[in-house]
Amino acid sequence: MILRRNNSAGGSDIFGNTITDLNLLTACGGGAVKPYYAPFDEVMKWFDHGTFGESYFYNYCPSTFIENGVRHVYYCTNRDEGNVTDYVGYRSATYSEKKGWEWSEMEIVLGPTEGTWDQRHTCDPSVVKGEFSYKGETYNYLMAYLGCVPSDCTLNETGIAVSKNPNGPWIKCNSNRVSDGKPINPLVPYSDFDCNEKSWGTGQASLVSVDKKGRVILFTTVGCKTGSFMDVREYDLSDISEYKLLRTSKVFTNGIEGTSKRVNNGDYCYDPISKRFY
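These notes cover the structure that comes with them. (Residues numbered from 1 in each chain as written. Predicted model: local features only at pLDDT ≥ 70, side-chain atom pairs only at ≥ 80, totals over all residues. Heavy atoms only, no water.)

### Description of the sheet that holds strand β12 (residues 227-236)
Sheets are built from strands that pair by backbone hydrogen bonding, the pairs being arranged parallel or antiparallel.
Part 1 of the argument: Strand order in the open sheet made by the four strands is β10-β11-β12-β13, with antiparallel pairing throughout. One side of each edge strand has no neighbouring strand; the edge strands of this open sheet are β10 (201-209) and β13 (244-250). On average, each strand axis in the sheet is inclined to that of its neighbour by 25°, with strand direction left out of account.
Part 2 of the argument: Inspection of the sheet shows β10 paired to strand β11 (residues 215-224) by seven bridges, in the antiparallel sense. Paired with S206 across the two strands is F219, which belongs to β11. (Pairing = 2+ DSSP bridges. Helix = DSSP H or I, 4+ residues; strand = E, 2+ residues; numbered from the N terminus. Axes fitted to C-alpha atoms, helices over the stretch in contact; angles between N-to-C directions.)

### A word on the state of the cysteines
Part 1 of the argument: Scanning all chains against the criterion turns up zero disulfides.
Part 2 of the argument: Among the cysteines around C76, which has no disulfide bond, C123 carries the closest sulfur, lying 4.4 Å off. (Disulfide = S-S within 2.5 Å.)

### Some words on the packing of aromatic side chains
The geometry of an aromatic ring pair is captured by two quantities: the separation of the ring centres and the angle between the planes.
Part 1 of the argument: All told, the structure shown has twelve aromatic pairs when counted by the stated rule.
Part 2 of the argument: Between Y95 and W101, the ring centres sit 5.3 Å apart and the planes meet at 55°, which makes this aromatic pair tilted.
Part 3 of the argument: For Y95, a relative accessible area of 47% corresponds to the partly exposed category.
Part 4 of the argument: Taking the centre distance of 5.4 Å and the plane angle of 35° together, the rings of W117 and Y145 count as tilted. Of this pair, W117 sits in the loop between β5 (107-110) and β6 (121-134) while Y145 sits in strand β7 (residues 137-148); the two residues are 28 residues apart in sequence, bridging distant segments of the chain.
Part 5 of the argument: With relative accessibility at 10%, the residue W117 sits in the buried group.
Part 6 of the argument: The exposure class of Y145 is buried, given its relative accessible area of 0%.
Part 7 of the argument: A network of ring pairs unites the aromatic residues F65, Y74, Y90, Y141 and W170 as a single cluster.
Part 8 of the argument: Across the ring face of Y139, the terminal group of K164 is positioned such that the distance to the ring centre comes to 5.6 Å. (Phe/Tyr/Trp six-rings, centres within 6.5 Å; stacked < 30°, edge-to-face > 60°. Buried < 20%, exposed > 50% of the residue type's maximum accessible area, 1.4 Å probe, protein only. Lys NZ or Arg CZ within 6 Å of the ring centre and 35° of its normal.)

### Here's the deal with the environment of G89
Part 1 of the argument: For G89, the position within the fold is in strand β3 (residues 86-96).
Part 2 of the argument: With 18 residues separating them in the primary sequence, G89 and E107 have C-alpha atoms 5.6 Å apart.
Part 3 of the argument: For G89, the contacting residues outside a window of four places in its chain are V73, Y74, Y75, T77, M106, E107 and I108. (Contact = heavy atoms within 4.5 Å.)

### What to know about the pairing of strand β4 (residues 100-103)
Part 1 of the argument: Bridge count for β3 against β4 is four bridges, and the pairing is antiparallel. Residue pairing across strands places A93 opposite W103, the latter belonging to β4.
Part 2 of the argument: In this antiparallel pair of consecutive strands, β3 and β4, the connection spans three residues.

### With respect to the nonpolar core
Part 1 of the argument: By size, the foremost hydrophobic cluster in this structure holds 25 residues, and its most contacted members are L142, I160, L237 and I240.
Part 2 of the argument: Going through the elements one at a time, β6, β7, β8 (157-163), β10, β11 and β12 are the ones with two or more residues in this core.
Part 3 of the argument: Here this core takes four residues from β11, the largest share from any one element.
Part 4 of the argument: In this structure, V88, Y90, W117 and Y141 belong to the second largest nonpolar core, which totals 13 residues. (Core = buried A, V, L, I, M, F, W, Y, C linked by side-chain atoms within 4.5 Å.)

These results come straight from atomic positions and should not be treated as a statement about function.
So this is what it looks like as structure tokens:
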């Protein structure tokens, strides 16, 4: 498996305004940022799925964290060999000095649901821990993921699912918001942007927890008629059935070196010591 590269954002503040109640929104700044691309020989292979060069399986776009000594990883894969239909795969691992990381067998934890917004593909997961209430139940983990209906890489959208355990079961939040009847999923629809039938839409999510409870920052790549960029939104998902969108903006590209100022497919993390995103 090859890890998705991390992109950096430039500027003093992701949302472009002064932070008074939340210090977690200070982006990388203080000089030019040059993207780093890891050479292939620097990439560590964690596990195999099929035989390289012989099997028709794919694995990409992982989201990983370590909790209580167990490493959890979610990634996009196909369930059936040779069939290009995206599912979310999951594995866990424990470490020992003698054997290193020993990985579990893959489990499919999320897949397309016929007749819904994600009936063709479910991929590009991002998972964080917190406290999320949904339909009267409290869940410990939140996943943002890409779903779509077409088969031609267009009109992608970003939705969410919740679970009480890292390996599931994962519950898609496919109900409506109680107060106004608005569908919860997709949480970030392509209709929020200037898209047409040929637009890529939204997806490739990256979640960052704000308070280790229900407030999160959600980054997504957007491809629409005006170009490609990264959208960033802060949500209160403490009660998903009455979720609140607190604010939204584009990720700044100030200070990024190179001929292209475009940033997309970014994965983000927050350093509380330097108070910067990376």
